[in-house]
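Reading the structure
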Amino acid sequence: MTNWAALNHAYGSAEDLPALLDRLETEPTGELWGELWSRLCHQGSTYSASFAAFPWLAGVARGEDDSQREHAVLLAGAIVASTPDQAGPIKQRYAAEITGLQSAAEELLHHPGEGYVYRLQAYLALEGVPVWGRELDRLVHGEYEISCRVCGLGLLVTISDADGSFSENPSGERCPLRPSPPVDLRRLGRRLHELAVSVNEHALASNLQAPVRRGGMPRLWRGFTT
């Protein structure tokens, strides 16, 4: 039995969580899920109650309501992704729950449509993939930051069909980018690209073709594959 009063969330004592979890079981609204999210993973911060909620989240993920399963998977994935330094202990303590959440996340990957990149990102987080378990959604939003593997300079990468893709250094200098052919993608990049294509998520698949600078900038996926 979880002693919620001995734990904390974003707003203090977690003694109010049982009541919120009970309400979610009978009234599973997006608003209540938002309340739970703000307590357990507030702006990327996690708390002792965040991890203690894994058994409950795993229970929801075993249900038949795909919408609720998705809420549980996304929140669990965000908690794991927000605590990479604690991923080992968390996985050890909640191994059974995380296995169940991973299975639910994998099943949800067969459901294309709105929010697909977030389902895929949660799956990667629960799988223990570094970086992309919390940053993959930036590929859809079209902007993310990397460090050049050649000079170490910070670069802002922008992916855009309208204006063309480019990288921009801190001085504002831009360099055109072109997508890698799918055959050139490395392990994780190729796996995600093939998965996106298989469910007709072609826009995401296109963004997963990590851009390279004309002239030889190392492909982004080379630094982040597992």
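Whatever comes next refers back to the structure up there.
Looking now at unusual backbone geometry. Although it is not a glycine, glutamine 43 adopts a positive phi angle of roughly 50°. By secondary structure assignment, the location of glutamine 43 is in the loop between β3 (41–42) and β4 (45–46). Among the residues examined, glutamine 43 registers a relative accessible area of 75% and is labelled exposed. Of note in the backbone geometry, asparagine 200 takes a positive phi value of approximately 65° without being a glycine. The residue asparagine 200 is located in the loop between α11 (187–198) and α12 (202–207) in this model. You can call asparagine 200 exposed: its relative accessible area is 58%.

Further remarks concern the pairing of strand β6 (residues 154–158). Across five bridges, strand β5 (residues 143–147) lies against β6 in antiparallel orientation. Bridge pairing in β6 places glutamate 145 opposite leucine 156. Where β6 and strand β7 (residues 166–168) come together, three bridges link them in antiparallel fashion. Note that in β7 the partner of valine 157 across the bridge is serine 167.

With that settled, the discussion passes to the pattern of salt bridges. Inspection of every chain in the model, using the stated rule, returns seven salt bridges. Between aspartate 16 and arginine 39 there is a salt bridge, and its shortest N-O distance comes to 3.3 Å. In this pair, aspartate 16 is assigned in the loop between β2 (12–13) and α1 (17–26) and arginine 39 in helix α2 (residues 30–40), connecting sequence segments 23 residues apart. Residue aspartate 16 is classed as partly exposed on the basis of its relative accessible area, which comes to 30%. You can call arginine 39 buried: its relative accessible area is 17%. One salt bridge in this structure joins glutamate 70 and arginine 119, with 3.2 Å as the shortest N-O distance. Note that glutamate 70 is positioned in helix α5 (residues 66–81) and arginine 119 in helix α8 (residues 116–127), a separation of 49 residues in sequence. By relative accessible area, which is 5% here, arginine 119 ends up buried. It is possible to trace a salt-bridge network through shared partners that takes in Asp16, Glu35 and Arg39.

Cut-offs applied
Residues numbered from 1 in each chain as written. Predicted model: local features only at pLDDT ≥ 70, side-chain atom pairs only at ≥ 80, totals over all residues. Heavy atoms only, no water. Helix = DSSP H or I, 4+ residues; strand = E, 2+ residues; numbered from the N terminus. Buried < 20%, exposed > 50% of the residue type's maximum accessible area, 1.4 Å probe, protein only. Pairing = 2+ DSSP bridges. Salt bridge = Lys/Arg side-chain N within 4 Å of Asp/Glu carboxyl O.

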